[in-house]
Amino acid sequence: MATKEMKARVTKTKAPVMSALKGQTLLCLRTLTEKNPASLATYEQLGGYTQLKRLVTEKVKAVDIITQVKVSGLRGRGGAGFPTGLKWSFMPRYFDGTKYLVCNSDEGEPGTFKDRDILRYNPHQLIEGMAIAAYTLGARVGYNYIHGEIWQDYEIFEAALQEARAAGYIGENLFGTNFSVDLYAVHGYGAYICGEETALIESIEGKKGQPRFKPPFPASYGVFGKPTNVNNTESFASIPWILQHGGQAFAELGVPNSGGTKLFSVSGHVEKPGNFEVKMGTTFKELLDMADGVWKGRKLKAVIPGGPSTPVMTADMIMNATMDYDGLSKAGSSLGAGSMIVMDETTCMVKTLKRLSYFFFEESCGQCTPCREGTGWVYRIINRITEGNGKMEDLDLLTDVSSNISGRTICALGDAAATPVLSFIKHFRLEFEYYIQHGKSMVDGK
Amino acid sequence: MVKIEIDGKALEVEYGSTIIDAADKVGIAIPRFCYHKKLSVAANCRMCLVQVEKFAKPLPACATPVADGMKIFTRSKEAVEAQQSVMEFLLINHPLDCPICDQGGECDLQDIAVAYGASGSRYTEEKRVVINKNIGPLISTDMTRCIQCTRCVRFLKEVGGMQELGLINRGEHAEITAYVDKSVNSELSGNIIDLCPVGALTSKPFRYTARGWELTRRPSIAPHDGLGSHIEVHVKDNKVMRVLPREKESINECWLSDRDRYSYEGLNSPDRLKTPMIKHNGTWAETDWKTALEFAAGQLKDITKQYGGDALGVLVSPNSTMEEGYLIKQLAHGLGCDNVDYRLRQTDFRLDGKRVGTPWMGCNIQEIEELDRILLIGSNLRNEHPLLAQRFRKAVNNGAELSIVSPLDNDPLMDIAHKVIVRPNDMVNILGQILKAMSKIQRLSLCLPPSLELLLSNIKVRDNTQAMAESLAGLGGEIDLIAPKVGIFLGNMALSDPRFTEMYSMAEAIGGICGAKGGILPASANSTGMHLMGVMPCTLGMHARAMLEAPRRAYLLLNIEPELDCQHAALANAAMAQAECVVALTAFKSAALENADVLLPIAPFTETSGTFMSMEGRVQSFQAVAKPLGECRPAWKVLRVLANTLGLKDFDFDSSEQVKDKIFNGEKPSAVVWRSMNNNLKELVEIQVNVKDHGLQRIGEVPQYESDPIVRRSAPLQKTKYNTKPMARMRAEQIAALGLVEGETVLVKQDKGSAVLQVKLDSHVAMGCVRVTASHEGSVGLGDLMGDITVEKHTVEVNQQEAETA
């Protein structure tokens, strides 16, 4: 329900300082330069909802829309990077019953905060993207599952939904056609696991968020057992632009195999942390510059490029890398959700890993044995090391235990929990050995 | 069919089956904890990971469907490594308390750890401890041992019908628990003990009493309901220590009801009668068999000689074996007595002599699952047939539409499509409506007896009964069915009702129109067997009820406690009190047998051999699993010797098998059964159209843990929530209409008897009814299970009057 307060908050949402946007290509956040970025008026003024109207009223064929999305090279922005157009083509065309659409706004990994800016500054573009997807895929109902710890953004999105409903962009018989779609906002309660699409679906159904075994995939057995398409917030928000300018134009914004723009959440030891929407293939250096470089003029030590579930990179590894799927993959990590955590020379990698492994230990859903038991084991070993009670064989044990979790669970949380352990020990083994031998950190001496 | 290869072995398996199914079929062992063939697939324990060609990661065999050309390796390096790593994870937080764990020696985790575990642990951190939960008197918990496989959760949800356990919290903090302050109340709860692959859930009564390897396992048949579940009795030092299910897919699958599982505690109760006893001048004295038998024989002979065989009444428990039933019938006939009956809880005997054969459930137990439409008449299914209810649940989960006509609205824990909850008297009218609606749908003109025609002509079909008729005809629902498989069943409340004939005739007519299978759901282990052998009066004799209404001079009782096992407790009590001689063959001392003159200790089912015939007509023999306690003897032997003492002929049986051969005349039992089972009536039966209706009616169901003498003595079952003393249960409107309030004490009267009970709110009871459970000392002063009843305020004056008369 949109209260007056909520509406007031929406209109009060201020645009950021213009100079901050230097070097960025605003696509998902295209309203950011306007006065009231989140309002319907602003979005309409920028040509918003014209694509939805065009597609629906001109009865554009679903296959043509999917072709455009395929051409665009848009890949799942939630972290897995699965081609969106291909995913859309998995939805059964003919189905006797309700099909569902789900937007995954449940970003909960440390350092990930890009989707909330879309919800906060440009909710209507997301709504239009979802509505277009619903039209394309024949989904009658859509849910946007919003992370439980960003309540304000949930309220803003809910208010935007009401505006859109009132303006006739969602609801029954849109634009006088027989196309109808209902969109709803759902908020979680902060569990990281609910960002996993099948756990998210369970949560929407009112159950405990636990991933389902796949197959069957959501496209055949999703919300309430019905065909469901799940995409990330940023993926949906890219759709209106793709259909306005054509898939080719989107693809050309980026580099081969990585079309379009990407939002990077830059955090950690930089002068100016924040979200940056840049073209795919932008170099790491450029991105670091946008964040005004490593803070206090210190030296760069390591970067986690796509969120803690992607392997950590040393400064050398990332310095010449480009920020796109293939670029980072070649450099030895992956793009993930574009949550870049920057660490300077004063960072103790042992303590950092302890914090990360504590996160996965606390967030494991507890369903599968390796993840339930292994994440706790890993955390306890690292914790013991930081308490000065480490043994040299602990490092091999950590590697072994993590490898045993990886690839042996229902969902990818097990892999995500193993990745930092494996990559931290691989790239910073000396630091771990020092900590075990001396009972204190090599970096801060504590 | 799909061609696959497991460990180099080429196989053809059904499309859609999983790797684990395929491997199980050819005997390739894949370790597993969470997977169970009867439950949904959870794929969470990860123990069954196997290597599949072309897949980078190991896959769970339980959840991976086979595909053509799939090559599976269950013992390759990659597979074994994965399995071993999962084993290590499972063990790091599992306590090393096998020496004091009840599961030790029969534990999946222990067994699989021997095969896949390391000899030592790499885990040196602190171990997890989980607080134990109290989930009731039947199941003991040691939650630190739990490996979160969720079999118990899935069983209670999917088979039990209600999710009473769940996994709360995340990650390592995840634990199985019941709802806050709640216990597990499912009448099938004991099965989660069998399902638990570790020692987290163990049997509370059995706890710390024996080790699995000390027990001798002997097969037997469950004696408490008509299902005929296969059980395995575990015996140590001639004492029954526990009972587990024996797998029999077509009957009990791999499950067992709590009643069948925990009743054994009654066998070991201090009430067991160990020596024959004779009452001299009002005091009981132990005696030897010879004296007791001669005394009993003398009494029976004298009375029958002096007053004729008709002076004797023989009441037989329907839980007795076929052999016992046959012998006691022959014995009675030998004394010139035709007053033999096993139908202790029946009021309406008008169908006697009008049946074609033996009434039964009308289909196989397994067929219930396949039904499309079900009509259940007067049955509190979960109370009467706890495990059979689960088959109905399967049918409903498969899409069957369930319609219920009953005076009780108890939740069967499955979806009900249509229900009508009315007074027992009005159920006839409801069935009439269904019949009328049905005949209209089918455009049939019925050929019915005039009384039924008359009844139907005065009936107006209402919407709900119209809907029921349409459902039974296959109409309605999502898709109309052309030829639905219909099942119509009458339960205990219908069987005990004075208008059973009307209900049966209607059900038969409805079933005739829609081609339904079905019949009655006999309550006891051997009800159908007793009927088959004719342990009931032929033409001249009296039925069970008549024997009590016109009291006999002598009674011979087999395996019953008269006031608790008979339909009319007060009548039974009075009849025994006035009799000159009561000879009771019983396994237990009982306050209900105080009026007896001689007690002959007989062996319960575990200590005798015999045969039961189940509700689906399955003839199942069993052997004794333990030696008779003290001076107890199998009832068939006692009856044989008693007959010998009486000087009767043709009682020269040396084994129960010989008796069985005699019963079936050397024919194959199944052939006799096939010929005899028939629910049809020989002729159209006239029914009573107008019955006197006095208003309030009693619903006197027998609680499931009061159903027979053994169950009544099982301490753990008596501690469950199902054991409540009788109360005057009524719905709120009824309480208000009588000007009463909940918790108030009332005087409940039936016939000449009465009981002082508390008023209890029970929204499941139909308006116009008072639910007062039977088979309990609190309600033995009352009459018919289903009959007229009055409720009045229990004032202090009444107390004084009673005190004065006393």
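Enquirer: Please give an account of the environment of Ala755 of chain B that cites residues and values.
Expert: All names here are of chain B. Along the chain, Ala755 turns up in strand S30 (residues 753-761). A C-alpha to C-alpha distance of 9.7 Å links Ala755 and Met727, two positions 28 residues apart in sequence. For Ala755, the contacting residues outside a window of four places in its chain are Val746, Leu747, Val748, Gly778 and Leu782.

Enquirer: Tell me about the layout of surface pockets, and please be specific about residues and values.
Expert: Taken as a whole, the second largest pocket encloses approximately 1200 Å³ of empty space. Lining the second largest pocket we find 31 residues, and of these Glu202, Lys207 and Gln210 of chain A together with Arg154 and Lys157 of chain B sit closest to its centre. Of all the secondary-structure elements, those providing two or more residues to the lining of the second largest pocket are helix H4 (151-158), strand S7 (165-168) and strand S8 (175-178) of chain B. Among the residues making up the lining of the second largest pocket, the classes are represented as 14 nonpolar, eight polar and nine charged.

Enquirer: Break down a negative patch on the surface for me, citing the residues and quoting the values.
Expert: All names here are of chain A. Taken together, the side chains of Glu271, Glu286, Asp289 and Asp292 make up a negatively charged region of the molecular surface. Along the chain, the position of Asp289 falls in helix H12 (residues 284-290). Given a relative accessible area of 54%, Asp289 falls into the exposed group.

Enquirer: An account of the interface of chain A and chain B is needed here, citing residue identities and associated values.
Expert: Counting residues at the interface gives 33 residues for chain A and 35 residues for chain B. Together, the buried faces of chain A and chain B total about 2900 Å²; carbon and sulfur atoms form 52% of this surface. Contact with chain B buries surface across chain A, with Glu373, Trp377 and Arg408 of chain A losing the most and accounting together for 25% of the total. At the boundary of chain A and chain B, one finds six salt bridges. Between Glu172 of chain B and Arg380 of chain A there is a salt bridge, with its nearest N and O atoms 2.8 Å apart. Counting across the interface, chain A meets chain B through 20 residue pairs in polar contact (both at pLDDT 80 or more). In the side of chain A that touches chain B, the residues fall into 12 nonpolar, 10 polar and 11 charged.

Enquirer: Which residues make up the sheet that holds strand S22 (residues 554-558) of chain B, and what values do they have?
Expert: Residues and elements named next belong to chain B. Across the sheet, which stays open at both edges, the seven strands sit in the order S14-S13-S24-S23-S22-S15-S16 with mixed pairing between neighbours. The open sheet has two edge strands, strand S14 (283-286) and strand S16 (340-341), and neither has a second partner. Across four bridges, the pairing between strand S23 (residues 581-586) and strand S24 (residues 598-601) is parallel. The residue of S24 that forms the bridge with Val583 is Val598. In this fold helix H9 (residues 322-334) packs onto strand S15 (312-316), S16 and S22, with an angle of close to 165° to the strand it touches most, S22. The strands touched by helix H20 (residues 569-578) are S15, S22 and S23; relative to S22, the strand with the most contacts, the crossing angle is about 125°.

Enquirer: Give a description of the sheet that holds strand S6 (residues 274-279) of chain A that names residues and reports values.
Expert: Residues and elements named next belong to chain A. Strand order across the open sheet formed by five strands is S6-S5-S11-S8-S9, with mixed pairing between neighbours. If you trace the sheet from one side to the other, it starts and ends with S6 and strand S9 (313-314), each paired once. Where strand S8 (residues 300-304) and strand S11 (residues 339-344) come together, four bridges link them in antiparallel fashion. Each bridged residue has a counterpart across the sheet, and for Ile304 the counterpart in S11 is Ile341.

Enquirer: Mind laying out the packing of H9 of chain B against helix H22 (residues 656-663) of chain B, listing which residues take part and the relevant values?
Expert: All names here are of chain B. With their axes 9 Å apart at the nearest point, H9 and H22 run at an angle of 70° to one another. By the angle between their axes, H9 is roughly perpendicular relative to H22. Across the interface between the two elements, Met322, Glu323, Tyr326 and Leu327 from H9 touch Ser656, Val659, Lys660, Lys662 and Ile663 from H22. Split into classes, the residues belonging to the contact of H9 with H22 amount to five nonpolar, one polar and three charged.

Parameters and conventions
- Residues numbered from 1 in each chain as written.
- Chains lettered and ligands numbered in written order.
- Predicted model: local features only at pLDDT ≥ 70, side-chain atom pairs only at ≥ 80, totals over all residues.
- Heavy atoms only, no water.
- Helix = DSSP H or I, 4+ residues; strand = E, 2+ residues; numbered from the N terminus.
- Contact = heavy atoms within 4.5 Å.
- 1 Å grid on protein atoms, 1.4 Å probe; cavity = no way out; pocket = protein on both sides within 12 Å on 5 of 7 lines; lining within 4 Å.
- Points joined across faces, edges and corners; volume = space filled by probe spheres on them.
- Nonpolar A, V, L, I, M, F, W, Y, C, P; charged D, E, K, R; others polar.
- Patch = residues over 30% accessible without salt bridge, like charges linked within 9 Å, V, L, I, M, F, W, Y side chains within 5 Å.
- Areas by Shrake-Rupley, 256 points an atom, 1.4 Å probe, with all protein chains shown as cover.
- Salt bridge = Lys/Arg side-chain N within 4 Å of Asp/Glu carboxyl O.
- Lys, Arg positive; Asp, Glu negative; His and termini not counted.
- Charge placed at Lys NZ, Arg CZ, Asp CG, Glu CD.
- Buried < 20%, exposed > 50% of the residue type's maximum accessible area, 1.4 Å probe, protein only.
- Buried area = accessible area lost by both parts, 1.4 Å probe.
- Polar contact = N/O pair within 3.5 Å; in protein donor to acceptor, adjacent residues only side chain to side chain.
- Pairing = 2+ DSSP bridges.
- Axes fitted to C-alpha atoms, helices over the stretch in contact; angles between N-to-C directions.
- Parallel < 35°, antiparallel > 145°, perpendicular 65-115°, else oblique.

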